[in-house]
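Chain by chain, the residues:
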Amino acid sequence: MPSPAARPTDADRTDARPDAPLRVLDEDEPLRVLDEDEPLRVLDEHAQRAAPSPPTGDDNPVARNPDYYVDNLSAIFDAVRTHDADLLRAPETHFLDAWDALCDDARRLYARLIARKGPWFRRDRLTRDDGAPIYDEIDRLDDAIDRLQDARLLDVHAPDRRADAGSAIDPSDDDEAARARLHGWLHTLRINELTALAAAVDAPTEARRGRKAARIDALLADRPVAALERVVLERVGAMLRPGGGDALRVLRLLFFGNLGQDWTVFILRDLGIVRHADYPIVADLRPIASRDAVDDRLALHDARQLAEMLLHSGELAPAVALAQAVRDRPGGWHPSVRARVDRLLCKVGRALERARRAGLAPADALAEQANVGVLAEQAMALYAAAEAPPARERRARLLAAVERVDDALTLCDRIAEAPRDETERVFADRFAHRLRRARGEVPPRRRPKRPQRTLELPGPPEGPVESAVLEALDARDQPGVFAENG
């Protein structure tokens, strides 16, 4: 859920006086300009009413129930089993059975870990200096780790063994998997720990200076993965990663209907900040009613995230290949995700258009011109495969840009015959007229002349001229209003 934008507080100002009381302006009190050294202390009464303060003390349901996060997770699992059991497969049912068999401490630890930013966690960060768990509600941390590992819900890598019997990661992982795992481990180290690690393995200077990401890349490029793994585990004790991620994604999608929300929604509800309507769930009206829709939603979500990452890093060619694979997928996509497919195709198509425009500057070379033409063709092919607006509009504009005006006009005529929304109807009429006017086929449109009346006031107005005009009209029994942008 999107969080409200953070606003600066008095504590952010160097000239703030924390001992001064906060005050709300009265209704009849005028606003005034604050002096330079006077902190801002005006509160918005409406904002206060719209966002009531969360309960505190004994009224706080979170404080009353320290296992609230475990109870919320169990409530999600129970709801999915009740309403969407027909959409679950063996991995999800095995995960739910394993969850039911866990002891309380194991459930608490698992719920805590999946709510934190991971996926890897250091064993030494789960205890305080005195050896007690950082989570007061967990009595036996080592026993909870062992139970989760036995249930295959936790991957444990310790110095005495690369991957335990209960781990989902095999010690014979290929180089890419091992490198990705070590990359995650190194990100859990602090800067000073990375410096000490680089010195211990006699890494080059690049691994001891600069930003954290650059240091990690230098370490991975200079030393074998297996050797670095051993050194890291000797220093941190063990690395943990919650398992069951694929099953959790399915359960989360079925409960929320999307992958944009997670378990934190319940915390806002328990604190009284967010309230949800209470309504019955009808099986025939579920947003996701088949397993094919579940699988397609998950696959498309991963494809869209990968495409956004590639576009953000400037890797256009892999993003185009991904969009083409989505377009040409054997068997197509479930109808419920069709709009998401269209958004992905249009997003990559727009990136191709931007690349084409950027390549128009050095258009004196034939190779540059050929490349620009390829980009345009690729973009139009993606737009042609999309159904939802503005795919056809973008395609028509691109056809006109590459001087295929007849094809652009033909597409505009098809859009005008069967527009898919109001924006398409307006676009087809205006864009087709513009193209025909550029070729001299139709005269330019002239705006209709509006009738004008001249009103002479008896004398200079005492106030705004608009008020004087309204008074003069009202005296003639012609009441009117003044609209600033009317």
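The residue numbers shown here count from 1 along each chain, following its written sequence. Where totals are concerned, whole chains, interfaces and linings use all residues; where local detail is concerned, this predicted model gives features only for residues with pLDDT of at least 70, and gives and counts side-chain atom pairs only at 80 or more. To get the side-chain values, all heavy atoms of the structure are used, and hydrogens and water are removed first.

A.B. asks: Please give an account of the nonpolar core that cites residues and values.
C.D. replies: Ranked by internal contacts, the top residues of the largest apolar core, which has 48 residues, are F77, F95, L109, Y110, L148, L254 and V294. Sorting the residues of this core by element identifies helix 3 (68-83), helix 4 (90-101), helix 5 (104-115), helix 6 (141-150), strand 2 (154-157), helix 11 (245-256), helix 12 (264-270) and helix 13 (291-312) as the ones contributing at least two each. Note on contacts: a residue pair is in contact if any heavy atoms of the two residues lie within 4.5 Å. Apart from the residues within four sequence positions on either side, L148 is in contact with L102, A106, L109, Y110, L153 and L154. Ranked by size, the runner-up nonpolar core spans 37 residues in total, among them V341, C346, L382 and A391. Among the buried residues, those of types Ala, Val, Leu, Ile, Met, Phe, Trp, Tyr and Cys that are joined through side-chain atoms within 4.5 Å form a nonpolar core. Exposure categories follow from relative accessible area, calculated using a 1.4 Å probe and restricted to protein chains: below 20% of the type maximum is buried, above 50% is exposed, and the middle band is partly exposed. Under the scheme used here, helices are H or I runs from DSSP no shorter than 4 residues and strands are E runs no shorter than 2 residues, and both carry numbers assigned from the N terminus.

A.B. asks: Account for the confidence of the model for the protein, with residues named and values stated.
C.D. replies: Parts of the prediction with low pLDDT should not have their coordinates interpreted in detail. Confidence of the predictor at the level of single residues is captured by pLDDT, which takes values from 0 to 100. Averaged over every residue, the pLDDT of the protein is 81; residues scoring 70 or more account for 81%. At the level of individual helices and strands, the protein shows its lowest average pLDDT in helix 1 (residues 45-50), which scores 38, and its highest in helix 4, which scores 96. This stretch, residues 36-52, has a pLDDT under 50; its non-local contacts, to residues over four places away or in other chains, come to 33 contacts. Low pLDDT, under 50, characterises residues 162-173; the predicted model gives this stretch 29 contacts beyond four residues in sequence or across chains.

A.B. asks: Tell me about the side chain of R108, residues and numbers included.
C.D. replies: The topology assignment puts R108 in helix 5. Polar contacts here mean pairs of N or O atoms no more than 3.5 Å apart (in protein, one a potential hydrogen donor and the other a potential acceptor; neighbouring residues in sequence count only if both atoms are side-chain atoms). Polar side-chain contacts of R108 include one of 3.0 Å to the side chain of D67. At 3.0 Å, the side chain of R108 forms a polar contact with the backbone oxygen of E137. Apart from residues no more than four positions distant in its own chain, R108 is found in contact with D67, Y69, V70, E137 and I138.

A.B. asks: Please give an account of the packing of aromatic side chains that cites residues and values.
C.D. replies: For any pair of aromatic rings, the description rests on two quantities: the centre-to-centre distance and the angle between the ring planes. Note on ring pairs: Phe, Tyr and Trp rings are taken, using the six-membered ring of Trp, and paired if centres are within 6.5 Å. Classes follow the plane angle, with under 30 degrees stacked, over 60 edge-to-face and the rest tilted. Scanning all chains against the criterion turns up 10 aromatic pairs. Each ring, one from F256 and one from F266, has its centre 6.4 Å from the other, and the planes form 65 degrees; the classification is edge-to-face. With F256 in helix 11 and F266 in helix 12, this residue pair connects regions lying 10 residues apart in the sequence. Each member of the pair, F256 as well as F266, carries the same accessibility label: buried. Members of the aromatic cluster, connected to one another through ring pairs, are F77, F95, W99 and Y110. Sitting above the plane of the Y69 ring, R112 keeps its charged end 4.1 Å from the centroid. As a reminder, the over-ring test applies to NZ of lysine and CZ of arginine, requiring each to be within 6 Å of the ring centre and within 35 degrees of the ring normal. Above the plane of the ring of W333 lies R329, whose end atom (NZ or CZ) is 3.9 Å from the centre.

A.B. asks: Report on the side chain of H433, specifying residues and quantitative values.
C.D. replies: Relative to the elements of secondary structure, H433 occurs in helix 19 (residues 422-438). Apart from the residues lying within four places of it in its own chain, the contact partners of H433 are V442, P443, P444 and R445.

A.B. asks: Just give me the short version of the sheet that holds strand 1 (residues 121-122), but keep the residues and values in it.
C.D. replies: In space, the three strands of this open sheet follow the order 1-3-2, with antiparallel pairing throughout. Whereas interior strands pair on both sides, the edge strands pair on one side only; in this sheet they are strand 1 and strand 2. For two strands to be treated as a pair, DSSP must find no fewer than two bridges joining them. Here two bridges tie strand 1 to strand 3 (residues 239-242), and the two strands are oriented antiparallel to one another. Looking across to strand 3, one finds that F121 is bridged to L240.

A.B. asks: Can you lay out unusual backbone geometry for me, pointing to particular residues and giving the numbers?
C.D. replies: Looking along the chain, the bond that leaves G118 and enters P119 is cis, with omega of 10 degrees. Among the secondary structure elements, P119 is positioned in the loop between helix 5 and strand 1. Look at the link from P389 to P390: it is a cis peptide, with omega at 10 degrees. A positive phi angle is found at R152, which is not glycine, with a value near 60 degrees. By secondary structure assignment, the location of R152 is in the loop between helix 6 and strand 2. A positive phi angle, close to 55 degrees, is found at D202, a residue other than glycine. Topologically, D202 is positioned in the loop between helix 8 (191-200) and helix 9 (212-222). Assessed through its relative accessible area of 54%, D202 is described here as exposed.

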